[in-house]
Amino acid sequence: MNPVEKLALLRVEMKKRHLDAYVVVTDDFHTSEYVGAHFKAREFLSGFTGSAGTLVVLPDAAALWTDGRYFLQASQQLEGSGIELMRMGQPGVPEIPAFLRDHVPENGWIGFDSRTISNDFARSIGEKTREKHIRFAGDEDLVDLVWTDRPALSCEPLWELDVQYAGLTRREKLAMVRGKMKEMGASVFVIPSLDEVAWLLNLRGNDVLFTPVFLSYLLLEQDKATLCVQREAVSAEIEAHLKSDGVTLAPYDDIYRLVAALPTGTRVLLDGERANYRILQSVPESAEVLDRTSPIQLMKAVKTPAEQENERRAHIKDGVAVTR
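Predicted, not measured: the structure shown is a model, and the values here were computed from it. Chains are numbered independently. Their residues run from 1 in the order of the written sequence. Under the rules for a predicted model, residues below a pLDDT of 70 receive no local features and side-chain atom pairs below 80 are neither given nor counted, while totals for whole chains, interfaces and linings still include all residues. Processing note: side-chain calculations cover all non-hydrogen atoms of the structure and skip hydrogens and water entirely.

Some remarks on the side chain of asparagine 276
Put simply, the rule reads: Under the scheme used here, helices are H or I runs from DSSP no shorter than 4 residues and strands are E runs no shorter than 2 residues, and both carry numbers assigned from the N terminus. Burial here depends on accessible area, computed with a 1.4 Å probe over protein chains only, as a share of the maximum for the residue type. Under 20% is buried, over 50% is exposed, and the range in between is partly exposed. Any pair of N or O atoms that falls within 3.5 Å is considered a polar contact. Within protein, one atom must be able to donate a hydrogen and the other to accept it, and sequence-neighbouring residues count only if both atoms are side-chain atoms. Between two residues, a contact is recorded if the distance between any of their heavy atoms is within 4.5 Å.
Relative to the assigned elements, asparagine 276 resides in the loop between β13 (267-270) and α12 (277-282). Asparagine 276 sits in the buried class, given a relative accessible area of 0%. Within the structure, asparagine 276 has its side chain in polar contact with the backbone oxygen of arginine 115 (distance 3.3 Å). A distance of 3.2 Å separates a polar atom in the side chain of asparagine 276 from a polar atom in the side chain of tyrosine 256. When sequence neighbours within four positions are dropped, the list of residues in contact with asparagine 276 reads Phe29, Ser114, Arg115, Thr116, Ile117, Ser118, Asn119, Tyr217 and Tyr256.

Quick look at the structure:
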């Protein structure tokens, strides 16, 4: 099928659900820029293969936003698709929330897969469209109904990063983050970012090409930690090592159930730029959300002596390879 045919099928599903717009982002469930094959829904529908872009489908039109890196590529790949290219940052080009406000009718519905939309993005759309009483429908991934041969979720085996490369053990890192949680007054920290989970647990994977991460979420509390991951990707040896450090396993999709089951009064730390909208929607009304920048970002940025030395060695090897 070409993009015109794919969008026609998507609009059939939109019409069934009375949706006035459907938003398809590049991100996976973890707001990653680079994603596995299963998550390339925007690329599937539009034919545009760049690493950044958002597609908005209306009943009778469609538009795709991307940045200056991809203006030429997108104009070529979108040719004949019926999708208008929105060159971000250029004069006269509206931002997506303003576009939706102007094209969705009063009391209309905007659909999306809430697992792929960040809290911050959903909030910006909601603020811009509130005056028209526009509502969200985020419970379904409509692209999945159109993409009949969609690749399955990647489930590559995990492996452990030895402390000689990390410089800090898993226990030490968990203690550091828990200390920061205590400072911030948080009793639970929801960690959805793949790079942060990999760093914190000294684990690596291969679920995204050229990026050593694995599909997972971590629910961190002061006395326990729950890693939501595809069990088939975790060997018995790694599971035992995690258990000895106080980390238990749960199914990958259980993150929403676990968040919804948090007790009254829980103070939930999450980063609205990195956590998807469904996680936020899962937090009970009786709990308090602390929307803060993830403390792991700064921790991860400060390299240990071991990491510094290994980076030097890596650059030497890289230089030799380039010279050869």
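There is more to say, and it comes next.
Concerning the sheet that holds strand β3 (residues 62-66)
Formally: When DSSP finds two or more bridges between a pair of strands, those strands are recorded as paired. To obtain an axis, a line is fitted to C-alpha atoms, over the contacting stretch when the element is a helix, and the angle between two such axes runs from 0 to 180 degrees between their N-to-C directions.
An order of β4-β3-β2-β1-β5-β6 is seen for the six strands of this open sheet, with the pairing classed as mixed. Edge positions in the sheet fall to β4 (83-87) and β6 (135-137), since each of these pairs with one other strand and no more. When the angles between neighbouring strand axes are averaged without regard to direction, this sheet yields 25 degrees. Across the face of the sheet, helix α4 (residues 96-103) comes into contact with β1 (21-24), β2 (54-57), β3, β4 and β5 (109-112) while running at roughly 0 degrees to β2.

Focus on the sheet that holds strand β14 (residues 288-291)
Where strands meet in a sheet, backbone hydrogen bonds hold them as pairs that are either parallel or antiparallel. The strand order β12-β11-β10-β8-β13-β14 describes an open sheet built from six strands, whose pairing is mixed. Two strands lie at the open edges of the sheet, namely β12 (247-250) and β14, each paired on one side alone. Across the sheet, the mean angle from the axis of one strand to that of its neighbour is 20 degrees, orientation sign disregarded. Of the pairings in the sheet, the one linking strand β8 (residues 188-191) to strand β10 (residues 216-221) comprises four bridges and is antiparallel in character. From the neighbouring strand, isoleucine 191 faces β10, where its bridge partner is leucine 218.

Remarks on helix α9 (residues 194-201)
α9 sits mainly inside the fold: seven of its eight residues count as buried. Among the residues of α9, Leu194, Glu196, Val197, Ala198, Trp199, Leu200 and Leu201 are the ones counted as buried. Note on α9: the residue one or two positions beyond its end, asparagine 202, has a positive phi of about 55 degrees.

Looking at the packing of helix α8 (residues 170-184) against α9
When two helices pack together, their arrangement is given by the angle between their axes and by how far apart the axes lie. The line we're drawing: Small angles under 35 degrees read as roughly parallel and large ones over 145 as roughly antiparallel, with 65 to 115 read as roughly perpendicular and the rest as oblique. Residues are grouped as follows: Ala, Val, Leu, Ile, Met, Phe, Trp, Tyr, Cys and Pro are nonpolar; Asp, Glu, Lys and Arg are charged; all remaining types, including Gly, are polar.
At their nearest, the axes of α8 and α9 sit 7 Å apart, and the two run at 120 degrees to each other. The orientation of α8 with respect to α9, classified from their angle, is oblique. In this structure, α8 contributes Arg170, Lys173, Leu174 and Val177 to the contact, and α9 contributes Trp199, Leu200 and Leu201. Class assignment of the residues belonging to the contact of α8 with α9 gives a composition of five nonpolar, no polar and two charged.

Re the pairing of β1
By the alternation rule, side chains of β1 split into Ala21 and Val23 and Tyr22 and Val24, which are all buried. Judged from the three bridges that link them, β1 and β2 form a sheet pairing that is antiparallel. Bridged to valine 24 within β2 is leucine 55.

A few points about the nonpolar core
Quick note on the threshold: Here the nonpolar core consists of buried residues drawn from Ala, Val, Leu, Ile, Met, Phe, Trp, Tyr and Cys, with membership extended through side-chain atoms lying within 4.5 Å.
Ranked by internal contacts, the top residues of the largest apolar core, which has 54 residues, are Val190, Leu200, Leu201, Leu220 and Leu227. The biggest single contributor to this core is α9, with six residues. Sequence-distant contacts of valine 190, defined by excluding residues within four places in its chain, comprise Leu218, Leu219, Ile255, Val259, Val268, Leu269, Leu270 and Ile279.

Comments concerning the pattern of salt bridges
Let me state the cut-off plainly: Take a side-chain nitrogen of Lys or Arg and a carboxyl oxygen of Asp or Glu: if they are within 4 Å of each other, that pair is a salt bridge.
In this structure the tally under the stated criterion is 24 salt bridges. The partner of arginine 123 in a salt bridge is aspartate 291, and the shortest N-O contact between them spans 2.8 Å. One end of the pair, arginine 123, is in helix α5 (residues 119-129); the other, aspartate 291, is in strand β14, with 168 residues separating them in the sequence. Arginine 123 gets classed as partly exposed once you look at its relative accessible area, which sits at 35%. With relative accessibility at 31%, the residue aspartate 291 sits in the partly exposed group.

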